[in-house]
Amino acid sequence: MTSETGIKRLVIVGGGTAGWIAAAAFARLLGERLEIALVESDAIGTVGVGEATIPQIIRLNTILGFDEHDFLRQTFGTFKLGIEFVDWSARGSRYLHTFGDTGLNLGNVAFHHYWRRHAMQGGSESLWHYSLHQLAADQAKFAKLERVGNTSMTGLAYAYHFDATLYARYLRNYAETRGVTRHEGIVQTVERAAESGDIAAIMLDNDRRIAGDFFIDCTGFRSLLLGHELEVGYQDWSHWLPCNRAQAVPSRRIDPLPPFTRATARRAGWQWRIPLQHRTGNGHVYCSEFISDDEAAEVLLANLDTEALDDPRPIRFTTGRREQFWAHNCVAIGLSSGFLEPLESTSIHLIQSNISRLIELFPRDRINAADREEYNRRTIREFEQIRDFLILHYHRTDREDTEFWRYCKHMSVPDSLTHKIELFGSGGRLGRDVDDLFREASWVQVMLGQGVTPADYNPMADQLSNAQLGQFLGDLRKIIEKAVAGLPSHADYIAQHCAATNA
Ligand code: FAD
């Protein structure tokens, strides 16, 4: 059911990160033809976490026209070169999943094949010995670097850490300036069109009625419109990703300021550490079948690098996805659409990619079933690809020291992931889908980091003689060391370019 003049009134329900990114993006790209309203409730509030991102966020910021330094100043943001995984494949293990390439691909052959050949001939250096990001992270350094010296090596790929509440405020300011109308209130009832069953309006607790032609459900885990009202079911993936709770707590700022997120495996889950300008975000993600909430809070507080600034705050979730993301005239975006736990900081990216997909398929006069099916098909695929990447971290481990890790190591996993592990384990090759969010470099780092060592390498890597290979690897290391020596510290870079005035 649409208004007589087509789809003109867009109603976004929810004002967390998802709601305000949707409002900002629609105002920027379709603001000329749509009347956009956003409903949120201060009494309900937002989930209040979600502070680490992946590089794709830079694309969103560019589309919105954000000035990077202003954005970081206002959100107390820092730079992120990747995620350090500690104790995942075995106690005492450590690797950085960086956003960049490692080494340098030669011809058609990915660098890790040359590295593997060298290792099979007795070389003891790890792949990360040739990583610009690793060396910069080790030395807590950062600057914007497109290329390494005058070589063809790409420079530092990065994302951000920021304060989730300030991020939503920044987006809100942007969206309201561009004509989005915010309504405060709690949704009490939903009005449906008699014939089509489409959503016609929502009624707020202050008796206000907000009518619309199209609705975006950004109500968080409640999934008020798509889940509750339209009764779209939920596919539970807990058997593959068993963590279902988190405790979050802020602590004092870390010095020197690390340019990366840390994810440390714990006995029944893992703990995050996200460095911001004014504080550190910490959280313990765990499975309630293997540890109690009190114990999880104790583990978190006992493992902070800096003094806690508050009490731990509990959050519950179920990993999985809605059976459909778009039903009738309603699309769920953000936590209302599903949840992939935060191990690889993918949720904000999913919000962004779903909004750009929706804008690409957004109806003008009336909703076409084909557009809706296409949206659902592509979104399901994206969720499943990320799911497999996350499972890899849990499943490929030598840890059997707790019941939780024994479960993860021995659980069955999707066939798609089993195939990828076998392919990489035999010859270092990747069966990566072309539209996979994670690049080849990411799969290689996480496979190796989790202990999947290829038994062989691509024979094309034999094209170099031993002497040439030695020279190539040695030169790479020198070039990387020189580049990192010239970088300022992460803290100095921020102080010079984007320090928050009251951080
Ligand atoms: P919410 O923030 O919950 O917002 C829901 C909105 O709906 C609120 O404004 C609320 O007021 C409104 N609302 C609800 N019901 C009603 C009602 N009846 N009437 C009116 N308004 C209503 N993502 C990342 O990308 N990186 C991370 O590092 C990361 N870490 C995370 C850690 C944890 C433990 C969890 C649980 C999530 C994490 N996420 C992370 C995910 C991220 O937090 C969310 O994707 C993001 O915050 C978006 O949330 P949201 O806007 O969908 O929901």
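Please read all numbers here as calculations on a predicted model, not as lab measurements.

Definitions and cut-offs
Residues numbered from 1 in each chain as written. Predicted model: local features only at pLDDT ≥ 70, side-chain atom pairs only at ≥ 80, totals over all residues. Heavy atoms only, no water. 1 Å grid on protein atoms, 1.4 Å probe; cavity = no way out; pocket = protein on both sides within 12 Å on 5 of 7 lines; lining within 4 Å. Points joined across faces, edges and corners; volume = space filled by probe spheres on them. Helix = DSSP H or I, 4+ residues; strand = E, 2+ residues; numbered from the N terminus. Nonpolar A, V, L, I, M, F, W, Y, C, P; charged D, E, K, R; others polar. Domains from an automatic or database assignment. Contact = heavy atoms within 4.5 Å. Buried area = accessible area lost by both parts, 1.4 Å probe. Polar contact = N/O pair within 3.5 Å; in protein donor to acceptor, adjacent residues only side chain to side chain.

## Describing the layout of surface pockets
By volume, the second largest pocket is sized at about 480 Å³. Every element with two or more residues in the lining of the second largest pocket is listed here: α1 (17-30), α2 (57-64), α9 (347-361) and α10 (369-395). With 7 residues, α9 is the single largest residue contributor to the lining of the second largest pocket. Classifying every residue of the lining of the second largest pocket gives 7 nonpolar, 6 polar and 6 charged.

## So, the domain arrangement of the protein chain
Per the domain assignment, the segments of the protein chain are domain 1 (9-51 + 163-237 + 319-367), domain 2 (101-155 + 399-485) and domain 3 (245-316). Between domain 1 and domain 3, the contact holds 9 residues from the first and 13 residues from the second. Carbon and sulfur atoms supply 61% of the area buried between domain 1 and domain 3, which totals about 830 Å² over both sides. When residues of domain 1 are sorted by the area they lose upon contact with domain 3, Val49, Glu51 and Asp163 head the list and together hold 50% of the total.

## Looking at the environment of glutamine 385
With respect to the helices and strands, the residue glutamine 385 is situated in helix α10. Measuring from C-alpha to C-alpha, the distance between glutamine 385 and serine 416 comes to 9.0 Å, with 31 residues separating the pair along the chain. Beyond its immediate sequence surroundings of up to four residues, glutamine 385 is in contact with Asp433, Asp435, Asp436 and Leu437. A distance of 3.2 Å separates polar atoms of two side chains, one belonging to glutamine 385 and the other to aspartate 433.

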